[in-house]
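# Architecture and fold: a report
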Amino acid sequence: MGALDIRTLRARLLPNPLRILVNGVPMRILVANDDGIYSPGLRALARAARQFGDVRIFAPDVEQSSMGHAITHARPLRVRRTPIDDFDAYRVNGTPADCVALGIDAWGGVDVVLSGINLGYNLGNSIWHSGTLAAAKQATLLGTRGIALSTPTGGDEPDFGRLDPYVTQVLSALIPDTALRLVNVNLPPQPTGLCWARQAVRHYDGRVVPDEDPMGRKMYWISVRPVEEVEEETDLWAVRHGRVALTPLRLDLTDHEALSGARMRMPMPNGQPIEGAPADA
Ligand code: MN
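Every chain begins its residue count from 1, and numbering advances along the sequence as written. In view of the model being predicted, local features appear only for residues whose pLDDT reaches at least 70, and side-chain atom pairs are presented and counted only at 80 or more, with totals across whole chains, interfaces and linings using the full set of residues.

## Let's talk about the overall build of the protein
Across its full length, the protein holds seven helices and 12 strands. Each of the three principal axes of the protein carries a C-alpha extent, and together these read 75 × 55 × 45 Å. Going through the 281 residues of the protein one by one, you find that 38% of them count as buried. Contacts here follow a simple rule: the backbone-placed C-beta atoms of the two residues must lie within 7 Å. Considering only residue pairs separated by 6 or more positions, the protein has 75% of its internal contacts joining residues 24 or more positions apart. For helices the rule is a DSSP run of H or I covering at least 4 residues; for strands it is a run of E covering at least 2, with both sets numbered from the N terminus onward. To sort residues by exposure, count the other C-beta atoms lying within 10 Å of each residue's C-beta; 20 or more gives buried, 12 or fewer gives exposed, and values between give partly exposed, all with C-beta atoms placed from the backbone.

Quick look at the structure:
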């Protein structure tokens, strides 16, 4: 780690039009995911990322999908080196957000965190549950930038060869633009182009599906419901129309309209004691 190995030397010597230098050295790109370090999506993303700078991988040792932005606070974490092609790769017995925190710490800072490519869309309200998004959000929380990438999977593994030029195009557009701190990207299986999209928030497709185990006892799936109607210019709409959806996100969850409305309706002058409360509390 940190030493100038053959790969780094080769990358520095060969002209690469996509390669980005930060303060004279190749950009540091941390790659994470929530599907686990052996996911083909992670490898596809790391390979695409390598065109832009130095890549290091920190990813969960087992699948952590739908774990959201959980962090591990009650036990220590272990980082183990793992062969993923010739990448500098480490598996962590923690969550996606843990991996990003540890990866940034180990490298002494990174320029951008890429998360994915997730096997499954992260569209609309599913962003709330996504570990893929959480890894990118963790980057933004720690003062760097995060880009999450997802693509659907049917019965088969996604065709990453087909997606590759689009992944490169997405990274070419997003990585140099430092004004974008957090971006959610969803790639349809057969993209026809890129477009900016907003998050579809009208629908929530999570639902409880009852089932029976072999003993006839009740059990339940938390599953998804296909959404029929989609609003134009949303991420859902974009992928339905074959576009790669790029959605800049923010971490401020404040509903500013509701806040100013509440301030008008229920003024709460600062420091006013509540009636009946001890005055010297
Ligand atoms: Mn996943």
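Next comes the rest of the write-up.
## Here we look at helix H2 (residues 40–49)
An α-helix turns once every 3.6 residues. As a result, residues three or four positions apart point the same way. Summarising burial for H2: eight of the 10 residues are buried, a large majority. All buried positions along H2 are accounted for by Gly 41, Leu 42, Arg 43, Ala 44, Leu 45, Ala 46, Ala 48 and Ala 49. Turning to H2, the residues buried within the fold contact strand S2 (25–32), strand S3 (53–60), strand S6 (112–119), strand S7 (146–151) and helix H5 (160–174).

## What to know about unusual backbone geometry
The linkage connecting Gly 116 with the following residue, Ile 117, adopts the cis geometry, with an omega of -10°. Here Ile 117 is to be found in strand S6. With a phi close to 50°, Asn 23 is a non-glycine residue in the positive phi region. Checked against the element boundaries, Asn 23 lands in the loop between strand S1 (21–22) and S2. Its identity is not glycine, yet Glu 233 carries a phi of approximately 70°, on the positive side. Here Glu 233 lies in the loop between strand S11 (218–224) and helix H6 (235–240). Here Glu 233 falls in the partly exposed class, since 14 other C-beta atoms lie within 10 Å of it.

## Digging into the pairing of strand S12 (residues 243–248)
Extensive coverage of S12 is indicated by the burial of five of its six residues. For strand S8 (residues 182–186) and S12, the ladder comprises four bridges, and the chain directions are antiparallel. Within S12, the position partnered with Val 185 by the bridge is Leu 246. Pairing between two strands is assigned when DSSP locates at least 2 bridges connecting them. As defined by bridge partners, strand S9 (residues 193–196) adjoins S12 across four bridges and the pair is classed as parallel. Among the inter-strand pairings, Gly 193 is bridged to a residue of S12, identified as Arg 243.

## Focus on the environment of Ala 197
Here Ala 197 shows up in the loop between S9 and strand S10 (206–212). Given 24 C-beta atoms within 10 Å, Ala 197 falls into the buried group. Beyond its immediate sequence surroundings of up to four residues, Ala 197 is in contact with Glu 233, Thr 234, Asp 235, Ala 238, Ala 245, Leu 246 and Thr 247.

## Some points on the pairing of S7
Extensive coverage of S7 is indicated by the burial of six of its six residues. By the alternation rule, side chains of S7 split into Gly 146, Ala 148 and Ser 150 and Ile 147, Leu 149 and Thr 151, which are all buried. Note: S6 against S7, five bridges, orientation parallel. Directly across from Asn 118, in S7, lies its bridge partner Ser 150. A crossover connection joins S6 to the parallel S7 through helix H4 (residues 131–141); in handedness this β-α-β unit is right-handed. Where S7 lies against S8, five bridges are found, and the strand directions are parallel. Each residue of the ladder has a partner; that of Ser 150, found in S8, is Asn 186. Crossovers are marked right-handed if the path from the first strand over the helix to the second runs clockwise, as seen with the strands pointing away from the viewer. Between S7 and its parallel partner S8, the chain crosses via H5, and the hand of that crossover is left-handed.

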